[in-house]
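Structure assessment
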Amino acid sequence: MRRQLDHPETEAISWQVVWSLWPYLLAFKQRVLWASVCLILAKVASICLPFLLKYVVDALDSDTASGVAGTPNTWLLMPMALVVAYGLARFLNVMFNELRDTLFGRVTEGTMRSVGLATFQHLHRLELDFHLDRRTGAVSRDMERGISAINSLMRFMVFNIIPTLVEVVIVVVLLWVNYGWAFALTIFLSVSAYIFFSVVATEWRTRFVRKANLADSKSNARAIDSLLNYETVKYFTNEDYEARRYDRALEEWQNAKRQNRLSLFALNGGQAFIVALGTTTMLAIAALGVQNGSLTIGDFVLLNAFMMQIFIPLNFLGFVYREIKGSLASIEGLFGLLNQPVKIADHAEASELEITHGEIVYENVSFSYQPEREILHDINLQVKAGETVALVGASGSGKSTLIKLLFRFYEPARGRILIDGQDITTVTQRSLRSALGIVPQDTVLFNDSLGENIRYGRPDASDAEVLEAARLANLGELLAHLPAGLDTQVGERGLKLSGGEKQRVAIARTILKQPHILIFDEATSSLDSRSEQAILSALRDMSMGRTTLVIAHRLSTVVDADRIIVLQQGRVVEQGRHQDLLAHNGVYKSLWQAQQHEQNAEL
């Protein structure tokens, strides 16, 4: 069972996810390289700023001390040149950061696209069982959050954490070389204490953040539930009762927000104390140096500038850490989908299915969805090329399961299925399903135009072919009454069409596909009697010369079948033509008489 990450802020960080992204980043290695170069150059320019500011201050202090501050040549040659250099360094810092963002933006977007496409394709490769067990909303959320989280992770790591750490390392080394171990150690300990405290405090206050979020969701759910049941509230005059329940939920939210606010105060207060202590210590040491003449006023300004320059981005560390933590958890959920094993996969040596006649053979096929309940028991069945065979029987007898096995949505527990002598497990699933065409009982349409839904049977079909398929599926009358014709939007899951109209669209799709083998799964179940006869005629025309399997509940629709297979509790109990089975006086005759009795009762 796949782990659902409903509260990623409570999950432990798994840095393994970053390595999972690495192969996708390598596809843009040149951009990553140039973005890294720009990052380093931006930091070099940033680190130059305090030094240039030091030289400006020292130059001005020197001129003032010597009494030549007003000398034009000195002003132009020294301090003004340094001011210009300072402005240029600040400009280069911004430009290199912008270049880094631009270069890495393409990397981030490309990675999001690649991972999203890989996950989408992988989900389509997974077996039917996964899609029956899944929660579509949860899968969609994992994909959406995971792909968005890649952007957040890259933005915070590349644009915040990594540049800050690079700058800290460079500054510590520079201070060690130029000013001694005391300054380097002070800034190193200050940054380390700041990071340690921020991580620990953020972990501590996460419980309050989550509690506030849950309380907020609970109060909103309480209000929405009450308003949706407005009439029930009025029927029982429970307005005051609902108000009290809502107020209790709001009280929980208020208390949770207070705890959240106090925990944030503690986090910000602790961070401010560490920054103040580190800065004060640094400036105190610098002030002593200025007093004893080992440092200049410019050095004092430089050290203060470095402290501010490093701690400003670190001010957001608590937020950034929480976002990275949530992003890694969301990406882990996305890769959880991507790492789902494919249980039904093509063999490495799988060949293309070659249809010569279209004969289907089930050899000793047994199957069960759960080990304790076998659905099919040693089915032996031959459907000759060009033959129309109907599968009938009570619900749960295994009719639809035989079709799912033919499509390789599942693998038989025992036995095998052959098409023209080829075991379907030895051919590619794509070539197998390309040879099969189905008109399902429950037709689901895409939220697109009527024409595009028909064209889904063969995406490269021309408009004329789509229109002809619609005509053969008896959609002509419907199209005549639609102002937009084939361009009519069918709505979510085809809700703008009736059940019969949707089924005719499914028939038109299959007509357009022109498969070698046809399967009709209650293909006329949603049609009225007049439309049913027209469609049955179209289906008979489409079936001419093709191997056809028909799953039928209404036996009247398959009386002309070449052979009728009667299934009972997963076994073939009878087979033959309609009249022969009636004469046999067995299961089929009982089914036929029961349906005739129902029809007579309705009349």
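Scroll up to find the structure.
Residues numbered from 1 in each chain as written. Predicted model: local features only at pLDDT ≥ 70, side-chain atom pairs only at ≥ 80, totals over all residues. Heavy atoms only, no water.

All of the buried residues in helix α1 (residues 16-26) are V17, L21 and L25. End-on view of α1: buried residues confined to an arc of 80°, all on one side of the axis. Within α1, the exposed residues directed more than 90 degrees away from the buried face are Q16, W19 and P23. (Buried < 20%, exposed > 50% of the residue type's maximum accessible area, 1.4 Å probe, protein only. Helix = DSSP H or I, 4+ residues; strand = E, 2+ residues; numbered from the N terminus. Arc of directions from axis to C-beta.)

A separate point is the side chain of K43. Along the chain, K43 falls in helix α2 (residues 29-66). Not counting the four nearest positions on each side in its chain, K43 is found in contact with P163, V166 and E167. (Contact = heavy atoms within 4.5 Å.)

Further remarks concern the sheet that holds strand β7 (residues 517-521). Strand order in the open sheet formed by six strands is β6-β7-β8-β3-β9-β10, and the pairing between neighbours is mixed. A single partner strand is all that each edge strand has here, and the edge strands are β6 (436-439) and β10 (571-576). With strand direction ignored, the average angle separating the axes of adjacent strands in the sheet is 20°. The pairing of β6 with β7 spans four bridges and is classified as parallel. (Pairing = 2+ DSSP bridges. Axes fitted to C-alpha atoms, helices over the stretch in contact; angles between N-to-C directions.)

A separate point is the nonpolar core. V392, I454, V558, I564 and Y588 are the most contacted members of the largest nonpolar core, which has 37 residues in total. The leading source of residues in this core is helix α17 (residues 499-513), at six residues. Once residues lying within four places of it in the same chain are set aside, the contact partners of V558 are A390, V392, V550, A552 and I564. Counting 33 residues, the second-largest nonpolar core is a separate cluster that includes V32, F130, V158 and L334. (Core = buried A, V, L, I, M, F, W, Y, C linked by side-chain atoms within 4.5 Å.)

A separate point is the environment of F335. Along the chain, F335 turns up in helix α11 (residues 317-338). The buried category is assigned to F335, whose relative accessible area is 6%. Taking the C-alpha atoms as reference points, F335 and V17, separated by 318 residues in sequence, lie 8.0 Å from one another. Sequence-distant contacts of F335, that is, excluding residues within four places in its chain, are made with V17, S20, L21 and Y24.

Spatial strand order, β2-β1-β4-β5: four strands in an open sheet with antiparallel pairing. The sheet is open, and its two edges are formed by β2 (373-383) and β5 (422-423), each paired on a single side. Relative to strand β4 (residues 414-419), strand β1 (residues 360-370) runs antiparallel, the two sharing five bridges. Bridge pairing in β4 places V361 opposite L418.

In short, the description is geometric, and any link to function would need to be established separately.
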